[in-house]
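Coordinate inspection notes
Chain residues, written in single-letter form:
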Amino acid sequence: MTEQSPAEHPGDDAWKVTFLAPRLAIEAALVAHEDAYDWDHDIVIAGSEIDPARPEEWQLEAWLARKPSRADLAAMRALFGGNAPKSQIEHLPPTDWITLSQAGIEPIREGPFHVHTPEHAPSAEPGVRNFVIPASQAFGTGQHATTAGCLAMLTTMKRSGVVVRNIADIGTGTGLLAFAGLHLWPASRAIASDIDPVCGPVVALNADANGVRLGDGVGRMAMVIAPGLDHSLLRASAPYDLLIANILAGPLTELAPEFAAAVAPGGHIVLSGLLTTQEPAVRAAYARAGLRLAARMTRGDWSILWLRRRSFGGSRSSRVGALPEWSKRW
């Protein structure tokens, strides 16, 4: 999932706007953000609980690399449907924001993986694969939870005997999930993509820092910049045994037919970046595209889905609300 801080760009000041509200209100605002097709993508938002001891008290944080204008604030308030809580505006110099973000992101320990920032020590536990990812790239509580969930799901698949030789990681962000796939299935090859051009050099730096070989071939990973699967190399590399997409519920739903067509019969898709409240709509879209649910996990308010394509025939489609009988049996 591509989420980045405006303060990742040296020399830029960062501003943060915070709204405090009940969990359901913040979740509704996040859904409204996904549906806001005219959203200014220079404004990055994330929702999270404030304190684990008070799980119903949440915050919506918005970051941008300029002082928020009246129009910026109006767009943020509109996410709450006319009932926006009061906002708090902070000016965060880049160095201060990076220090704060690094201090606040704890390592992820899932399956054989220990993912940490440079400020945390790697694990010395035998058999653990350490990945170091700068904190400024692991932006927001939601991203942390969905990443951890994907690592757990991939580990479950490996332990269940799933064999993978060709991996696609769509919306890779840091490259981490593709790196993890190559670790679990070292005889595979991988390709990662993201819509954000910033991710190209980010993935290259992270690959070098973590000993992941870039390029084409077994044990290597290629990287392209593209929306969805709209790239000649992504199309040429299909079909995939495993497609990973940790993005957002809206794009996941829209891309269901395209993702299904890119996966080999009997192949697998791992989806995340969707709230549990969004899961039914996403699952329905993939059922219509010919995929069945193999397993699901939750991390807080986020769902992680493992789907499998039918091992015979092609994908089917139908009108929303008119699923074929074979899909209802899953």
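In this text, all values refer to a predicted model and were calculated from it rather than measured experimentally.

Rules and cut-offs
Residues numbered from 1 in each chain as written. Predicted model: local features only at pLDDT ≥ 70, side-chain atom pairs only at ≥ 80, totals over all residues. Heavy atoms only, no water. Helix = DSSP H or I, 4+ residues; strand = E, 2+ residues; numbered from the N terminus. Buried < 20%, exposed > 50% of the residue type's maximum accessible area, 1.4 Å probe, protein only. Contact = heavy atoms within 4.5 Å. Areas by Shrake-Rupley, 256 points an atom, 1.4 Å probe, with all protein chains shown as cover. Salt bridge = Lys/Arg side-chain N within 4 Å of Asp/Glu carboxyl O. Pairing = 2+ DSSP bridges. Axes fitted to C-alpha atoms, helices over the stretch in contact; angles between N-to-C directions. Core = buried A, V, L, I, M, F, W, Y, C linked by side-chain atoms within 4.5 Å.

Across its full length, the protein chain carries 11 helices and 15 strands. Across the 330 residues of the protein chain, 52% fall into the buried class. Within the protein chain, residue pairs in contact and separated by at least 24 positions form 69% of the contacts whose partners lie at least 6 positions apart. For the protein chain, the computed accessible surface area is about 14,800 Å², with 55% contributed by carbon and sulfur atoms.

Here the focus is the pattern of salt bridges. Considering all chains together, one arrives at 15 salt bridges under this definition. Between Lys-16 and Glu-61 there is a salt bridge, and its shortest N-O distance comes to 3.1 Å. Here Lys-16, found in strand 1 (residues 14-22), pairs with Glu-61, found in strand 3 (residues 54-64); they are 45 residues apart in sequence, far enough to count as distant. There is no split in this pair, since Lys-16 and Glu-61 are both buried. The partner of Arg-109 in a salt bridge is Glu-125, and the shortest N-O contact between them spans 3.0 Å. You can see Arg-109 sitting in strand 5 (residues 108-110) and its partner Glu-125 sitting in the loop between strand 6 (113-116) and strand 7 (129-132), a full 16 residues away along the chain. Take Arg-109: its relative accessible area is 36%, and that puts it in the partly exposed class. With a relative accessible area of 43%, Glu-125 lands in the partly exposed category. Salt bridges sharing partners connect three or more residues here, namely Arg-23, Glu-27, Glu-56 and Asp-301.

Before going further, it helps to examine the sheet that holds strand 6. Overall, mixed pairing links the three strands, which are arranged 5-6-7 in an open sheet. A single partner strand is all that each edge strand has here, and the edge strands are strand 5 and strand 7. The mean inter-strand angle of the sheet, taken between neighbouring strand axes irrespective of direction, is 15 degrees.

An order of 2-3-1-4 is seen for the four strands of this open sheet, with the pairing classed as antiparallel. Looking at the sheet topology across the chains shown, the edges are occupied by strand 2 (44-51) and strand 4 (87-92). Neighbouring strand axes in the sheet, compared pairwise and without regard to direction, differ in orientation by 25 degrees on average. Note: strand 2 against strand 3, seven bridges, orientation antiparallel. For Ala-46, the partnering residue across the bridge sits in strand 3 and is Glu-61. On the sheet, helix 1 (residues 23-35) packs against strand 1, strand 2 and strand 3 and is oriented at approximately 35 degrees with respect to strand 3. Docked against the sheet, helix 2 (residues 70-78) engages strand 1, strand 3 and strand 4, running at close to 25 degrees with respect to strand 1.

Time to look at the nonpolar core. The tendency in soluble globular proteins is for nonpolar side chains to be buried as a group. One finds Leu-154, Met-157, Trp-185, Met-221, Leu-242 and Val-270 to be the most contacted residues of the largest nonpolar core, which totals 35 residues. The set of elements that each furnish at least two residues to this core consists of strand 6, helix 4 (141-159), helix 5 (176-184), strand 9 (189-194), helix 6 (199-209), strand 12 (240-246) and strand 15 (302-309). Every residue in contact with Val-270, bar those within four places of it in the chain, is listed here: Cys-150, Met-153, Leu-154, Met-157, Leu-242, Leu-243, Ile-244, Ala-245, Ile-304 and Leu-305. With 30 residues, the next largest nonpolar core counts Leu-252, Val-282, Tyr-286 and Ala-289 among its residues.

Just geometry here; none of it tells us what the structure is for.
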